[in-house]
Amino acid sequence: MSHAISDDLLRRFDVPGPRYTSYPTADRFVEAFTEHDHIQALGQRRAGSMALPLSLYVHIPFCESVCYYCACNKVITRHHERAAQYLRYLAREVELQVAHFGVGHAVSQLHLGGGTPTFLSDAELEDLMAMLRRHFTLAPGGEYSIEVDPRTVTEERLRSLARLGFNRLSFGVQDFDPAVQKAVHRVQPAEQVFALVEAARRIGFESVNVDLIYGLPLQTPESFNRTLAQVNALRPDRIALYAYAHLPSRFKPQRRIVSAELPSPGDKLTMLSASLDALMGEGYVYVGMDHFALPTDTLAVAKRQGRLHRNFQGYSTQPDCDLIGLGVSAIGRIGATYSQNAKTLAEYADLLDQGRLPIVRGLALTRDDLLRRAVIMSLMCQGELQFESIELGHLIDFKRYFERELEVLQDMAEQGLVTIQPGGVQVTETGWYLVRAIAMVFDKNLQVDQDRAKFSRII
């Protein structure tokens, strides 16, 4: 095997769990957190850290057709006129946000996600970017990315995106196999994707990412190997490889997937193992947590230099900064708070019509949350914990505070995933493939859930 991990370790430790794009995770947000709390956090930012750049996330929920695997917040419609009304509400939300911390703030990272951002016409995207530029200053050298459904764009549209200032693209591919595409209701010929990636290179986009999913209906290890070979030929700068989680009780579109057509857990494991071999065998760097990048990509460089960061878009080269989430269901982070907008268009619009920010839930982090966030992000980004720096930053005795967690890590040390030294913890090369499981050890909320489960079994 070309990667440094056995199937046995993958089976044992590659478990479902949070992706830790935040800590605590979004499922822990509470409705007791309101617009008032968010405005208070913005006021504190205005008083203390105005010089630091912002990150912006804009959610465009519309899709023309439903992909059966999808777990995103989306609105399926062919009525493109709905987009114009939505953009008016987005502008209103931006005005309300900016009223609390001022116009012209520097932005170093912008991401348009969905849904399908390219559901918007070129003119609508132009209006959206002009509106954002009226309220914020997009800093030179920033990361400005957009998620692209290959079925909705042409080379000319990609040129338009570049003119608008986008320098990174993320193409949703998932799988190149026609039978799998049909089973998940997302048919897009491989030739179309190859032509668009080639065009993106000619146009001069700094980075092109491709999303893949393993564990979809009708996928087999053999069929996914063919997709991996095509992806290697495509050679995008970055690859995100996600495991499909079948949760039809939570996500309605997944009810259209025939459970009997899903690959077995053993086959899913084979696909993951083969993916590590195939991609790294072709020179990709395993950045961590489902992400691969070419050695020359800024993400791989940041990994080598210990400068990785993590936010709601996954791994990033941009330093940790406050995030303004715009649009239906969008999540923001200001200082020691998280906030989330209303999840339905009706509620989102209703709150804005009342002149209120559409925030319906969130969290003010406790000292323990901030400490555990620092520990989890250090593990997931730098692959290490230095006890002294955490002790100085949070005024704790690490070994006493995390006595229980260090006991659990001892088992992982015996499996070769971490080394525990007097001054800290180091994730090994093998452990890096399973860093999610290592981070989960420090998740207080999972510990509480486990304790509750034990208690409910006892009684």
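Here the structure is a predicted model, which means the values were calculated and not measured.

**Student:** Could you clarify how one ought to interpret the overall build of the protein chain in this entry?
**Tutor:** Across its full length, the protein chain holds 18 helices and 19 strands. Computed over its C-alpha atoms, the radius of gyration of the protein chain comes to 22 Å, within 12% of the 23 Å expected for a compact globule of 459 residues. Taken along its principal axes, the extent of the C-alpha atoms in the protein chain is 60 × 55 × 50 Å. With the model as given, the accessible surface of the protein chain reaches about 19800 Å², and the carbon-plus-sulfur share is 53%.

**Student:** What am I meant to see in the packing of helix α3 (residues 81-98) against helix α4 (residues 122-135) here?
**Tutor:** The relative placement of two packed helices comes down to the angle between their axes together with the axis-to-axis distance. Packing of α3 against α4 brings their axes to within 11 Å, and their N-to-C directions diverge by 5 degrees. Between α3 and α4, the interaxial angle falls into the category roughly parallel. For the pair formed by α3 and α4, the contact residues are A83, A84, L87, L90, A91, V94, E95 and V98 on the first element and E124, L128, M131, L132 and H135 on the second. Its residues assigned to classes, the contact of α3 with α4 shows 10 nonpolar, one polar and two charged.

**Student:** I'm lost on unusual backbone geometry in this one. Help?
**Tutor:** Negative phi characterises most residues that are not glycine, and trans characterises most peptide bonds. Cis geometry marks the peptide bond from Y23 to P24, where omega comes out at -5 degrees. Locating P24 in the fold gives a position in the loop between α1 (7-13) and α2 (35-48). For the peptide bond that leads from G114 to G115, omega is 20 degrees, which places it in the cis range. Within the secondary structure, G115 is located in the loop between β4 (105-114) and α4. For H185, which is not a glycine, the phi torsion comes out positive at approximately 65 degrees. Relative to the helices and strands, H185 is located in the loop between α6 (178-183) and α7 (190-203). For H185, a relative accessible area of 35% puts it in the partly exposed group. The phi dihedral of R235 is positive, around 50 degrees, even though this residue is not glycine.

**Student:** Would you take a moment to explain the packing of α7 against helix α8 (residues 221-234) for this structure?
**Tutor:** Running from N to C, α7 and α8 point in directions that differ by 20 degrees, and their axes come no closer than 11 Å. Relative to α8, α7 is oriented roughly parallel. The chirality of how α7 crosses α8 is right-handed. The segment α7 lies against α8, with A190, V193, F194, V197 and R201 engaging Q230, A233 and L234.

**Student:** In this structure, what is going on with the pairing of strand β18 (residues 418-421)? I would like to understand it.
**Tutor:** Look at any regular strand and the pattern is simple: side chains alternate between the two faces of the sheet. In this structure, β18 lies alongside strand β19 (residues 424-427), joined through four bridges in antiparallel fashion. The partner of T419 across the bridge, within β19, is Q426. Once β18 ends, the chain turns through two residues before running back antiparallel as β19.

**Student:** How should the layout of surface pockets be read in this particular structure?
**Tutor:** Where empty space is left in the structure can be found by rolling a water-sized probe over the atoms. Of the volumes computed, that of the second largest pocket is approximately 360 Å³. Lining of the second largest pocket is provided by 23 residues; of these, H309, R310, D320, R333 and M377 occupy positions nearest its centre. Only β11 (309-311) and α12 (367-382) provide two or more residues apiece to the lining of the second largest pocket.

**Student:** Quick question: what am I supposed to make of the side chain of H105 here?
**Tutor:** Secondary-structure assignment places H105 in strand β4. Among the polar contacts made by the side chain of H105, one reaches the side chain of R45 at a distance of 2.5 Å.

**Student:** Explain empty space enclosed by the protein to me, please; I cannot follow it from the model alone.
**Tutor:** Counted according to the given criterion, the structure contains one cavity of 30 Å³ or more. By volume, the largest cavity amounts to about 30 Å³. Considering the residues around the largest cavity, the lining is formed by E93, Q97, G325, A330, I331, G332, S339, N341 and I359. Every element with two or more residues in the lining of the largest cavity is listed here: α3, β14 (331-334) and β15 (337-341). Partitioned by chemical class, the residues of the lining of the largest cavity number three nonpolar, five polar and one charged.

**Student:** Hey, could you run me through the sheet that holds strand β17 (residues 384-386) in this one?
**Tutor:** In a beta sheet, neighbouring strands pair by backbone hydrogen bonds and run either parallel or antiparallel. Across the sheet, which stays open at both edges, the three strands sit in the order β17-β19-β18 with antiparallel pairing between neighbours. Every other strand in the sheet has two partners, leaving β17 and β18 as the edge strands with one partner each. Strand-to-strand twist across the sheet, computed as the mean angle between neighbouring axes with direction ignored, equals 15 degrees. With three bridges joining them, β17 and β19 adopt antiparallel strand pairing. The residue of β19 that forms the bridge with L385 is V425. Contacts from α12 reach β17 and β19 within the one sheet, and its direction differs from that of β17 by about 130 degrees. On top of the sheet, helix α15 (residues 403-414) reaches β18 and β19; it is set at about 125 degrees to β18, its chief contact.

Analysis parameters
Residues numbered from 1 in each chain as written. Predicted model: local features only at pLDDT ≥ 70, side-chain atom pairs only at ≥ 80, totals over all residues. Heavy atoms only, no water. Helix = DSSP H or I, 4+ residues; strand = E, 2+ residues; numbered from the N terminus. Rg over C-alpha atoms; globule rule 2.2 N^0.38 Å. Areas by Shrake-Rupley, 256 points an atom, 1.4 Å probe, with all protein chains shown as cover. Axes fitted to C-alpha atoms, helices over the stretch in contact; angles between N-to-C directions. Parallel < 35°, antiparallel > 145°, perpendicular 65-115°, else oblique. Contact = heavy atoms within 4.5 Å. Nonpolar A, V, L, I, M, F, W, Y, C, P; charged D, E, K, R; others polar. Buried < 20%, exposed > 50% of the residue type's maximum accessible area, 1.4 Å probe, protein only. Left-handed = near helix turned anticlockwise from the far one by under 90°. Pairing = 2+ DSSP bridges. 1 Å grid on protein atoms, 1.4 Å probe; cavity = no way out; pocket = protein on both sides within 12 Å on 5 of 7 lines; lining within 4 Å. Points joined across faces, edges and corners; volume = space filled by probe spheres on them. Polar contact = N/O pair within 3.5 Å; in protein donor to acceptor, adjacent residues only side chain to side chain.

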